[in-house]
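Each chain, written out:
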Amino acid sequence: MSRRRIQVFDTTLRDGEQSPGIALQPHEKAEIAMQLERLGVDVIEAGFAGASPGDFAGVREVARAVGRPTVASLARTMQEDLDAATEALADPGRSRIHVILATSALHMEKKLGLEPREVVEKARWAVEYVAPLVDEVEFSCEDATRSDPGFVAQVCRVAIAAGATIINLPDTVGYSLPAEYAGFLADVRRRCPEIRGVTLSVHCHNDLGLAVANSLAGIEAGAQQVECTVNGIGERAGNASLEEIVMALNVRSDQFGIETGINTTEITAASRLVSALTGYLVQPNKAVVGANAFAHEAGIHQDGMLKDARTYQIMDPSDVGVRMTLPLGKHSGRHAFARACAERGLALEGEELNAAFRRFKVRADAGGAVSFDDFNEEVLA
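Source: prediction; values computed, not measured.

Reading guide: rules and limits
Residues numbered from 1 in each chain as written. Predicted model: local features only at pLDDT ≥ 70, side-chain atom pairs only at ≥ 80, totals over all residues. Heavy atoms only, no water. Helix = DSSP H or I, 4+ residues; strand = E, 2+ residues; numbered from the N terminus. Contact = heavy atoms within 4.5 Å. Areas by Shrake-Rupley, 256 points an atom, 1.4 Å probe, with all protein chains shown as cover. Lys, Arg positive; Asp, Glu negative; His and termini not counted. Charge placed at Lys NZ, Arg CZ, Asp CG, Glu CD. 1 Å grid on protein atoms, 1.4 Å probe; cavity = no way out; pocket = protein on both sides within 12 Å on 5 of 7 lines; lining within 4 Å. Points joined across faces, edges and corners; volume = space filled by probe spheres on them. Nonpolar A, V, L, I, M, F, W, Y, C, P; charged D, E, K, R; others polar. Salt bridge = Lys/Arg side-chain N within 4 Å of Asp/Glu carboxyl O. Buried < 20%, exposed > 50% of the residue type's maximum accessible area, 1.4 Å probe, protein only. Axes fitted to C-alpha atoms, helices over the stretch in contact; angles between N-to-C directions. Left-handed = near helix turned anticlockwise from the far one by under 90°. Disulfide = S-S within 2.5 Å. Pairing = 2+ DSSP bridges. Right-handed = clockwise from strand over helix to strand, strands pointing away.

*Asks:* Requested: an account of the overall build of the chain, with residues and values cited.
*Replies:* Looking only at helices and strands, the chain has 16 helices and 10 strands in total. Taken along the three principal axes of its C-alpha coordinates, the chain extends 85 × 40 × 40 Å. Partitioning the contacts of the chain with sequence separation of at least 6, the portion at a separation of at least 24 is 72%. Total accessible area on the chain stands at roughly 16,600 Å², and carbon and sulfur atoms take up 50% of it. Of the side-chain charges in the chain, 38 are positive and 53 negative, and the distance between the mean point of each set is 3 Å.

*Asks:* For the layout of surface pockets, give the residues involved together with the corresponding values.
*Replies:* One water molecule sets the probe size; rolling that probe over the atoms shows where empty space is left. In this model, the largest pocket occupies a volume close to 470 Å³. As for the largest pocket, its lining consists of 25 residues, of which Leu-74, Arg-76, Ile-100, Lys-111 and Glu-142 are closest to the centre. Listing elements by their share of the lining of the largest pocket, those giving two or more residues are helix H1 (12-16), strand E5 (95-102), helix H5 (105-112) and strand E6 (136-142). Broken down by element, the lining of the largest pocket gets its largest block of residues, 4 residues, from E5. A per-class count over the lining of the largest pocket returns 9 nonpolar, 8 polar and 8 charged.

*Asks:* Tell me about the pattern of salt bridges, and name the residues and values.
*Replies:* Enumeration according to the criterion identifies 23 salt bridges in this entry. Its salt-bridge partner being Arg-94, residue Glu-136 comes within 2.6 Å of it at the nearest N-O pair. Within this pair, whereas Glu-136 is found in strand E6, its partner Arg-94 is found in the loop between helix H4 (79-88) and E5, the two being separated by 42 residues in sequence. For the salt bridge of Arg-358 with Glu-351, the shortest nitrogen-to-oxygen distance reads 2.8 Å. Arg-358 sits in the partly exposed class, given a relative accessible area of 48%.

*Asks:* Could you give me a rundown of the environment of Val-226, with the residues and numbers involved?
*Replies:* Mapped onto the fold, Val-226 is located in strand E9 (residues 225-228). C-alpha separation for the pair Val-226 and Ala-237, spaced 11 residues apart in sequence, amounts to 18 Å. Among residues more than four places away in sequence, those in contact with Val-226 are Ile-6, Gln-7, Val-8, Phe-9, Val-202, Ser-215, Ile-219 and Ile-245.

*Asks:* How would you summarise the packing of helix H2 (residues 26-39) against helix H3 (residues 53-65) if you had to cite specific residues and measurements?
*Replies:* Direction vectors running N to C along H2 and H3 enclose 35 degrees, while the axes themselves pass 8 Å from each other. Judged by the twist between their axes, the crossing of H2 over H3 is right-handed. On H3, the residues touching Pro-26, Lys-29, Ala-30, Ala-33, Met-34 and Glu-37 of H2 are Gly-54, Asp-55, Ala-57, Gly-58, Glu-61, Val-62 and Ala-65. Classifying every residue of the contact of H2 with H3 gives 7 nonpolar, 2 polar and 4 charged.

*Asks:* Outline empty space enclosed by the protein, listing residues and values.
*Replies:* Counted by the stated rule, this structure contains 1 cavity of 30 Å³ or more. Taken as a whole, the largest cavity encloses approximately 60 Å³ of empty space. Considering the residues around the largest cavity, the lining is formed by Ala-63, Val-66, Gly-67, Pro-69, Val-71, Leu-89, Asp-91, Pro-92, Gly-93, Arg-94 and Ser-95. Split by residue class, the lining of the largest cavity holds 6 nonpolar, 3 polar and 2 charged.

*Asks:* Lay out the state of the cysteines with the relevant residues and their values.
*Replies:* Under the counting rule described, the total for this entry stands at 0 disulfides. Cys-156 provides the cysteine sulfur closest to Cys-192, a residue in no disulfide bond, and the two sulfurs are 5.6 Å apart. The thiol of Cys-228 is unpaired, and the distance to the nearest cysteine sulfur, on Cys-204, comes to 10 Å. Residue classification places Cys-228 among the buried positions, given a relative accessible area of 1%.

*Asks:* Account for the pairing of E5, naming residues and giving values.
*Replies:* The buried count for E5 comes to 8 of 8 residues, which makes it a mostly enclosed element. Sheet analysis places strand E4 (residues 70-75) next to E5, joined by 5 bridges and oriented parallel. Note that in E5 the partner of Val-71 across the bridge is Ser-95. You can see the chain leave E4, run along H4 and come back into E5, and the turn it takes is right-handed. Across 7 bridges, E5 lies against E6 in parallel orientation. Bridged to His-98 within E6 is Glu-138.

*Asks:* Tell me what's going on with the side chain of Thr-86, and back it up with residues and numbers.
*Replies:* Here Thr-86 is to be found in helix H4. Classification of Thr-86 by relative accessible area gives buried; the value is 17%. The residues contacting Thr-86, other than those within four sequence positions of it, are Ile-97, Val-130 and Leu-133.

*Asks:* Tell me about the pairing of E4, and please be specific about residues and values.
*Replies:* E4 sits mainly inside the fold: 6 of its 6 residues count as buried. Every second residue of E4 is oriented toward a common face, with Thr-70, Ala-72 and Leu-74 on one face and Val-71, Ser-73 and Ala-75 on the other, all of them buried. As judged from the 4 bridges shared by strand E3 (residues 43-47) and E4, these two strands associate in the parallel manner. Along E4, the bridge assignment pairs Glu-45 with Ala-72. One crossover worth recording links E3 to the parallel E4 by way of H3, and it is right-handed.

So yeah, pure geometry; function would need other evidence.
Have a look at this one:
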């Protein structure tokens, strides 16, 4: 069965950097971008060139640092934004300007102070202005999922006619439910058949913890591009997590029939680099890249894992660039304890093993994970 290929649009350096307290320097953006290139992403959104001189420099540095991925800059429908993005992306390499304009009644009235007809005209003008200056133009209907589908379709039709080759329908504030999001995409496509001639993209936020689920629903509904960040960083509760989307598509290929260009063995390296340079720690129980994602302490689980890793693991940790661990703690079983001893050259058997295991349990009940060095003399004496 042939598998559909989708593009991975990484916005760690733009939407991810908008997390409170993150301010990546241009050389740090370039370092992350080179890792993203090794990871195999198709598009790197390097920043918002019009936001500040530092962000302009960051976009320019990324455009110079990578060769294969398309490099994008966000821009509002303002000439100064569009000009800054065009200039920052002037170096050789495939360039994309990501034009964003709100389409919900709430945003149009309260934030933009514009009538719907003015929004339609701004969309047309901005795309038309910038289309001859870069290789690709992506147009995003900000707050699309809280917008009227008929109006979204109208704006998309105008943007496509003006030269947009990618249309993004984001769940900007993480409001949608998966089936609802898929239905919204289908509704807009029905109302605007021109979307079938361009790339449809999804971009979901995690305010209700549904960013990955909504992104996958969007992919199932026909999206050809998914926008995400390493470690799921981003404004408020974050963005859809790149590693979770990619591994869900890989592990459940039977369900999706989708492939990406991601080299999954580079996922952990990307996660650790982004964490180190942003200062945003990864929670231990984070899927795929958390410290505990492939750690098994419970005795029942450890016993199963030692017999066949498939008993409690749906992914091979080597696929994402890490190793499985069996940490020792109060829930560990005799089998894992004996294995830990054997790995250190101590082949304990029979009553000697039983006595050492009882002493280990006393030590482990005191709390926390226990390293071999913690109990070496106390338990094995």
